[in-house]
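If you want the building blocks of each chain, they are given just below.
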Amino acid sequence: MKLLFTLMIPALVLLLLGSCQEKLETFTIPEGHVAMFGYGSLMSKNLIETGLLDKAYNGPFLPAHLKGYKRSWTFAWPTDLPLYNVDSTFTKDYILIEGDTVYPKYLHYLNIREDPNTVINGVLYIVPEADLPNYDAWELGYERFEVTHLIQGYTIEGGPVFAYKALTDFTLEPNNDHTQNVIERSYVKILEDAFGYWGKEFEAEYHKTTEPFDPAILHETHKILLTDPAMEKVEELKSGFNY
């Protein structure tokens with residue numbers, strides 16, 4: 001009897017542990033779709049609907065977490081390359097400092113880099129495969145890669161989950177020199193729009209899991225429309241995406 005009781009204890013412990021484990025919600029990706037993890041501008045439902053898709057998005061749009069990556073302002077777009085806009089035009093950006101026109105060397109945006117000890121918050125939603133070229137055009141200079149196994153809080157079924165990270169040539173730590181590095185106020189406003197949608201707790205977690213930047217490089221930018229942009233590098237970047 002004592003032996004039987006001894007054998008029952010570990011089985012009971014395992015049963016209790018199993019019942020205490022959180023049951024994960026299933027995130028199902030329909031056929032012909034992929035999922036996207038957005039951690040920057042792609043956290044904004046308004047941007048997705050009015051900028052990328054020009055139509056309402058009615059699919060799942062859920063808070064999620066990505067493990068193994070840290071978020072920072074280390075994507076750097078060289079301003080000597082034509083910058084793609086959601087209206088399919090190309091522009092060059094500048095700032096005004098005491099009335100003087102300054103062309104910063106880089107525009108900085110959010111990026112993720114590997115860090116096994118970090119978890120960041122973001123947004124999980126679905127994208128029709130036919131819309132991937134629109135996303136890739138918006139994310140020129142980034143690499144789209146699979147993160148299905150790194151999503152926390154959900155069991156993923158039906159397809160892959162993608163995120164974007166900066167290509168090596170577009171990865172750079174910003175300093176506080178606005179002639180070299182600028183973060184656009186318009187980009188930060190997209191993030192603020194996302195925070196308005198998701199709430200204060202989501203925003204607080206974003207700030208907790210994002211490396212800060214020097215406020216000296218945050219500026220309102222102005223654009224010059226390029227009527228005949230040099231597209232060689234842009235076309236090279238586009239060719240890196242597979243469909």
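How each quantity is defined
Residues numbered from 1 in each chain as written. Predicted model: local features only at pLDDT ≥ 70, side-chain atom pairs only at ≥ 80, totals over all residues. Heavy atoms only, no water. Helix = DSSP H or I, 4+ residues; strand = E, 2+ residues; numbered from the N terminus. Contact = heavy atoms within 4.5 Å. Areas by Shrake-Rupley, 256 points an atom, 1.4 Å probe, with all protein chains shown as cover. Axes fitted to C-alpha atoms, helices over the stretch in contact; angles between N-to-C directions. Parallel < 35°, antiparallel > 145°, perpendicular 65-115°, else oblique. Nonpolar A, V, L, I, M, F, W, Y, C, P; charged D, E, K, R; others polar. Buried < 20%, exposed > 50% of the residue type's maximum accessible area, 1.4 Å probe, protein only. Arc of directions from axis to C-beta. Phe/Tyr/Trp six-rings, centres within 6.5 Å; stacked < 30°, edge-to-face > 60°. Salt bridge = Lys/Arg side-chain N within 4 Å of Asp/Glu carboxyl O. Core = buried A, V, L, I, M, F, W, Y, C linked by side-chain atoms within 4.5 Å. Pairing = 2+ DSSP bridges.

## Quick look at the overall build of the protein chain
Okay, so step 1: Counting secondary structure elements, the protein chain contains 6 helices and 14 strands.
Okay, so step 2: Contacts in the protein chain between residues far apart in sequence, at least 24 positions, make up 84% of those at least 6 positions apart.
Okay, so step 3: Surface accessibility of the protein chain: about 13,300 Å² in total, with carbon and sulfur atoms responsible for 55%.

## Describing the packing of helix H4 (residues 185-198) against helix H5 (residues 200-208)
Okay, so step 1: Relative to each other, H4 and H5 sit at 135 degrees, their axes nearing to 7 Å. With respect to each other, H4 and H5 are oriented oblique. Residue-level contacts link Leu191, Phe195 and Trp198 of H4 to Phe202, Glu203, Tyr206 and His207 of H5.
Okay, so step 2: Residue composition of the contact of H4 with H5, by class: 5 nonpolar, 1 polar and 1 charged.

## Overview of helix H2 (residues 45-53)
Okay, so step 1: Within H2, burial applies to Leu47, Ile48, Gly51, Leu52 and Leu53. Buried residues along H2 cover an arc of 145 degrees about the axis, so they all sit on one side.
Okay, so step 2: Taken from the residues just after H2, Asp54 is the one with a positive phi, measuring 55 degrees.

## Some details on the packing of aromatic side chains
Okay, so step 1: One pass over the full model with this rule turns up 18 aromatic pairs.
Okay, so step 2: Arranged with centres 6.1 Å apart and planes meeting at 50 degrees, the rings of Phe75 and Tyr109 form a pair that is tilted. Of the two residues, Phe75 sits in strand S3 (residues 61-78) while Tyr109 sits in strand S7 (residues 106-128), which places them 34 residues apart along the sequence.
Okay, so step 3: Given the relative accessible area of 2%, Phe75 is considered buried.
Okay, so step 4: Owing to a relative accessible area of 9%, Tyr109 belongs among the buried residues under this scheme.
Okay, so step 5: With centroids separated by 5.8 Å and ring planes inclined at 10 degrees, the aromatic side chains of Phe75 and Phe170 adopt a geometry described as stacked. With a gap of 95 residues between them, Phe75 in strand S3 and Phe170 in the loop between strand S11 (161-166) and strand S12 (181-184) connect regions that are remote in the sequence.

## Description of the pattern of salt bridges
Side chains that differ in charge, positive against negative, can pair when their charged atoms come close.
Okay, so step 1: By the definition in use, this model includes 9 salt bridges.
Okay, so step 2: Close ionic contact of Lys55 with Asp131 constitutes a salt bridge, the shortest N to O distance being 3.9 Å. Placement of the pair is Lys55 in the loop between H2 and S3 and Asp131 in the loop between S7 and helix H3 (132-138), with a sequence separation of 76 residues.
Okay, so step 3: According to the relative accessible area criterion, Lys55 is partly exposed, its value standing at 45%.
Okay, so step 4: Assessed through its relative accessible area of 10%, Asp131 is described here as buried.
Okay, so step 5: Residue Arg144 is joined to Asp136 by a salt bridge in which the shortest nitrogen-to-oxygen separation is 2.9 Å.
Okay, so step 6: The exposure class assigned to Arg144 is buried, which follows from its relative accessible area of 16%.
Okay, so step 7: The exposure class of Asp136 is buried, given its relative accessible area of 1%.
Okay, so step 8: One network of salt bridges, in which partners are shared, links Lys70, Arg113, Glu173 and Glu211.

## Section: unusual backbone geometry
Okay, so step 1: Of note, the phi angle at Glu98 is positive, near 50 degrees, even though the residue is not glycine.
Okay, so step 2: Take Glu98: it is sitting in the loop between strand S5 (90-97) and strand S6 (100-102).

## Considering the nonpolar core
Okay, so step 1: One finds Phe37, Tyr125 and Tyr135 to be the most contacted residues of the largest nonpolar core, which totals 71 residues.
Okay, so step 2: In terms of residues, this core owes the most to one element, S7, which gives 10 residues.
Okay, so step 3: Beyond its immediate chain neighbours, meaning those up to four positions away, Tyr125 contacts Phe27, Val34, Ala35, Met36, Gly38, Leu42, Ile48, Tyr57, Pro60, Phe61 and Tyr135.

## Some thoughts on the pairing of S11
Okay, so step 1: With 6 of its 6 residues buried, S11 lies for the most part within the structure.
Okay, so step 2: The side-chain alternation of S11 yields two buried faces, one formed by Val161, Ala163 and Lys165 and the other by Phe162, Tyr164 and Ala166.
Okay, so step 3: Bridge count for strand S2 (residues 33-38) against S11 is 2 bridges, and the pairing is parallel. Across the sheet, Ala35 pairs through a bridge with Val161, a residue of S11.
Okay, so step 4: Inspection of the sheet shows strand S8 (residues 142-146) paired to S11 by 5 bridges, in the antiparallel sense. The partner of Phe145 across the bridge, within S11, is Ala163.

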